[in-house]
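A closer look at the structure
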Amino acid sequence: MVHFYHIRLLKVQPVHERGSKTCIIKAVFTLTTDLGEYFYPEHCPLQVVVADVSKGTPIPLKSESVAWKGYEVASTVSLTIPVSSKKLQLIIFPRRTIPNISLQDYHDILPVWSGSFSLSKDVGPKHVWRYLQHTDWEPFGLCFMEQMGESIAKHIWDAGIILSEKILKQEPEWTLSDKKNLQVLELGAGCGILGISVASKYPNASVCMTDLEDALGILQLNIFENRHLLHNNISTDVFVWSSQIPPKLQKRWDYILMSDVMYNDSSFSSLEAALKSLMQSQTRLFVSYKKRHENEKSFMDHLLQWCLLEHEIVLDSIILYSVVKK
């Protein structure tokens, strides 16, 4: 079954006793699938690092090995560090080098980087970061903020990772046009992994990422954090599929992107109606999803009654489609 296991931080708490020269960083984490349906089934060695990020470049202060026991629900770790550090980050990664997410390894474990936090406040971070490229704990390239905790909202999901990788690698079926002023729309953008990937790779593209209003905050933060890799070509907007198409979205779209948006079958009719209004003869729709129930296939079968399938890739549980309007 193609998927990634996500190291997910549930809580990070600094405990600093007044007058002490050291502080204990306590962390609770789990190792689970993107929606938390399954826990990692095997024993797995992990590395936990506390780094000082006061000067921007992470400086490791303490590193410890921990053992994930197969199928356990959560694990804890405590690291003692000097109190001289002002701004910290906690990183957990598998004790094997993963230079990049690889489709050859269907059970890759995604490392996690906490948001920065301060010892002076004895308050841990509220969010974490994911990087598509990294060497052990040292990240580079695009980064995506997620919520910390057990919630599955505001997280990157597997199908979005797979399609983003194909777009960034410019694999033939998933390479965008080089025409000027390319117009790209993302529906149900979530953390923005697809739209931000396109905006970083294609300076000729104007990318609009849409979602419900409460999702725009994390979208805008992720745009800001990746601004040095973008081309001032990206925006966000609220779009409720059951509502009329907002005036700003009533344009000729060259590409529409959507990933893992078909988990709620009550929205299928609204989503299909929106796509019928948004797609024109030149519009290409990229869809990726992880098979979770039969309704997703039913939606795609219905879509292909009025769309033409150009490309399909099936990677066990991950399916990617490229379609155009008939």
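Residues numbered from 1 in each chain as written. Predicted model: local features only at pLDDT ≥ 70, side-chain atom pairs only at ≥ 80, totals over all residues. Heavy atoms only, no water.

If you tally the helices and strands in the protein chain, you get five helices and 17 strands. Compactness check: the protein chain gives a C-alpha radius of gyration of 21 Å against a globular reference of 20 Å for 326 residues, within 12% of the reference. C-alpha extents for the protein chain along the principal axes are approximately 70 × 40 × 35 Å. Residues counted as buried form 53% of the 326 residues belonging to the protein chain. Considering only intrachain contacts with a sequence separation of at least 6, the fraction spanning at least 24 residues in the protein chain is 68%. (Helix = DSSP H or I, 4+ residues; strand = E, 2+ residues; numbered from the N terminus. Rg over C-alpha atoms; globule rule 2.2 N^0.38 Å. Buried < 20%, exposed > 50% of the residue type's maximum accessible area, 1.4 Å probe, protein only. Contact = heavy atoms within 4.5 Å.)

Right, let's talk about the domain arrangement of the protein chain for a bit. Under the domain assignment, the protein chain is made up of domain 1 (4-150) and domain 2 (159-325). On a C-alpha basis, the centroid separation for the pair domain 1 and domain 2 is 30 Å. Counting residues at the interface gives 19 residues for domain 1 and 23 residues for domain 2. Buried surface at the junction of domain 1 and domain 2, summed over both partners, amounts to about 1600 Å²; 69% is from carbon and sulfur atoms. Counting every contact that joins domain 1 to domain 2 gives three salt bridges. Taking the shortest distance from any N to any O, the salt bridge between lysine 290 and aspartate 34 comes out at 3.4 Å. Taken together, domain 1 and domain 2 are joined by five residue pairs in polar contact (both at pLDDT 80 or more). (Domains from an automatic or database assignment. Buried area = accessible area lost by both parts, 1.4 Å probe. Salt bridge = Lys/Arg side-chain N within 4 Å of Asp/Glu carboxyl O. Polar contact = N/O pair within 3.5 Å; in protein donor to acceptor, adjacent residues only side chain to side chain.)

Here helix α5 (residues 294-303) has its buried residues at Glu296, Phe299, Met300 and Leu303. Axial view of α5: buried residues confined to an arc of 95°, hence all on one face. Its buried side turned inward, α5 meets β14 (255-259), α4 (268-278), β15 (284-290), β16 (307-315) and β17 (318-325). (Arc of directions from axis to C-beta.)

To continue, consider the layout of surface pockets. Considering only enclosed or pocket space, the largest pocket measures out at about 750 Å³ in volume. If you go around the largest pocket, you meet 31 residues; those closest to its centre are Gly188, Gly190, Asp211, Asp260 and Tyr263. When its residues are assigned to classes, the lining of the largest pocket shows 16 nonpolar, ten polar and five charged. Volume-wise, the second largest pocket comes out at about 490 Å³. Those elements that provide at least two residues to the lining of the second largest pocket are β8 (112-114), β9 (127-135) and β10 (138-147). Sorting elements by how many residues they give to the lining of the second largest pocket places β10 first, with four residues. Within the lining of the second largest pocket, the residues separate by chemical class into nine nonpolar, eight polar and two charged. (1 Å grid on protein atoms, 1.4 Å probe; cavity = no way out; pocket = protein on both sides within 12 Å on 5 of 7 lines; lining within 4 Å. Points joined across faces, edges and corners; volume = space filled by probe spheres on them. Nonpolar A, V, L, I, M, F, W, Y, C, P; charged D, E, K, R; others polar.)

Moving on, we get to the pairing of strand β11 (residues 182-187). For β11, a buried count of six out of six residues is recorded, marking the element as mostly surrounded by other parts of the structure. Both faces of β11 are covered, namely the face carrying Leu182, Val184 and Glu186 and the face carrying Gln183, Leu185 and Leu187. Pairing of β11 with strand β12 (residues 205-211), which is carried by five bridges, proceeds in the parallel orientation. Its bridge partner being in β12, leucine 182 is matched across the sheet by alanine 205. (Pairing = 2+ DSSP bridges.)

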